[in-house]
Amino acid sequence: MNLFVYCTREGVLWLIHGQDHILTQIKASLSANRLAHAYLFCGPSGVGKMCFAMDLAKAVNCVSDMEQPCGLCEQCVRIASKNHSDVRVLGVQNSDNDSRSRTVIGIDDVKEVLHKTNLKPFEGKCTVIVFDGAENLSTEASNALLKTLEEPAPQVLIILLTNNDANILDTIRSRCRSYTFNVLPKELITKILIDEYSCNSENSELIARLSRGSIGWAISAATNPDVLKQRDADLNHLQQTMEAGLVEKFDYVSELASEFGRNRDGVKDVLYLWRTWCRDLIILNMSSEEHVINSDKITMLKDQESNMNFRDISSFVGVVDRTIYALDHNVNPRLALENMILNMPKVR
Ligand SMILES: [Zn+2]
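Residues numbered from 1 in each chain as written. Predicted model: local features only at pLDDT ≥ 70, side-chain atom pairs only at ≥ 80, totals over all residues. Heavy atoms only, no water.

1. Details of the domain arrangement of the chain
In step 1: In terms of domains, the chain is made up of domain 1 (20-180), domain 2 (185-223) and domain 3 (227-342).
In step 2: Once you take the C-alpha centre of each, domain 1 and domain 2 turn out to be 27 Å apart. (Domains from an automatic or database assignment.)

2. Regarding the packing of aromatic side chains
In step 1: Considering all chains together, one arrives at eight aromatic pairs under this definition.
In step 2: Between Phe52 and Phe181, the aromatic rings sit 6.0 Å apart at their centres with planes inclined by 65°, giving edge-to-face as the arrangement. Of this pair, Phe52 sits in helix α2 (residues 49-61) while Phe181 is found in the loop between β5 (177-180) and α7 (186-197), placing the two residues 129 residues apart along the sequence.
In step 3: Given a relative accessible area of 1%, Phe52 falls into the buried group.
In step 4: These aromatic residues form a ring-pair network of at least three members: Trp14, Tyr39, Phe41, Phe52, Tyr179 and Phe181. (Phe/Tyr/Trp six-rings, centres within 6.5 Å; stacked < 30°, edge-to-face > 60°. Helix = DSSP H or I, 4+ residues; strand = E, 2+ residues; numbered from the N terminus. Buried < 20%, exposed > 50% of the residue type's maximum accessible area, 1.4 Å probe, protein only.)

3. A few points about the environment of Pro185
In step 1: Looking at where Pro185 falls in the secondary structure, it is placed in the loop between β5 and α7.
In step 2: By relative accessible area, Pro185 is classed as partly exposed at 46%.
In step 3: Considered as a pair, Pro185 and Gly213 are 28 residues apart in the sequence and their alpha carbons are 5.9 Å apart.

4. Focus: the pattern of salt bridges
In step 1: Enumeration according to the criterion identifies 14 salt bridges in this entry.
In step 2: When the shortest N-O distance is used, the salt bridge between Asp321 and Arg275 registers 2.4 Å. Of the two residues, Asp321 sits in helix α14 (residues 310-328) while Arg275 sits in helix α12 (residues 264-285), which places them 46 residues apart along the sequence.
In step 3: What makes Asp321 partly exposed here is its relative accessible area of 32%.
In step 4: Two residues, Arg279 and Asp280, come together in a salt bridge whose shortest N-O distance is 2.9 Å.
In step 5: Residue Arg279 is classed as partly exposed on the basis of its relative accessible area of 30%.
In step 6: For Asp280, a relative accessible area of 0% translates into the label buried. (Salt bridge = Lys/Arg side-chain N within 4 Å of Asp/Glu carboxyl O.)

This is the structure in structure tokens:
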């Protein structure tokens, strides 16, 4: 998912949606000139952490005489288009210099970006370094970052983004000002899709229900048809896997485990989809169609619900939850996924 997708509404001041509790405090810090030298933004994927990091990068580099970030000056525009040499984003996906998949942000990449903190900003007023998925910093990389945080340089802002702050060293956490991002209510997501993305009301409501409060996912789904096509493909895979034998099930697990090395969020999205699907089967079993999330697939759900054991589905929801938790806590992905697939309910 392209997290910058909702960070480019040219000319709008702050692009973040639905995190007013954070925006109010950051604005107050900016106007009092009391910004921290390091921030930790914690919250689920797609709720606006990267968007807000870019907002903040613009705010500290904006050269407009009007309210900042203006979104229109050269600094703001270059940051929005990811072409600003003083704003660097480092994550698992983009730390990959040799095209092999990685699951950690390593020491070499961290040293290279931290070297910039010893230099004056090249084209703006402030160097901004964003660690995307800071929970994936290796121990060595965390220690290198800690040294920089202990001796903060002027004109440097460090922003750590994480969906799991329990995996961040206490010593790093204590040197950052922390903010927790909330999932967005589906009513707000629906409104944003209608008002800003010209999405019709029916599609907006469906996408908002499917989004799990992630505005990033919702905007991707509303603007890129491939996102909902991928959901259809993942649901078909789920159907086939439920009906498949053990060999095919393990083949699919193998695919998911390999994919996890390249695209953690993508694999977790598949698991979240399975969970909401099973939740819908339980809801239908209780004869309450009104609260079904995947309402556009109601016929498929009803067919499956009549052929499955309610208890098996309920216990599988718990297994999927535990698998997502395990993946977030660096358990071997193949083992976690194999354990999950062995507990998958069978279609009668
Ligand atoms: Zn500006």
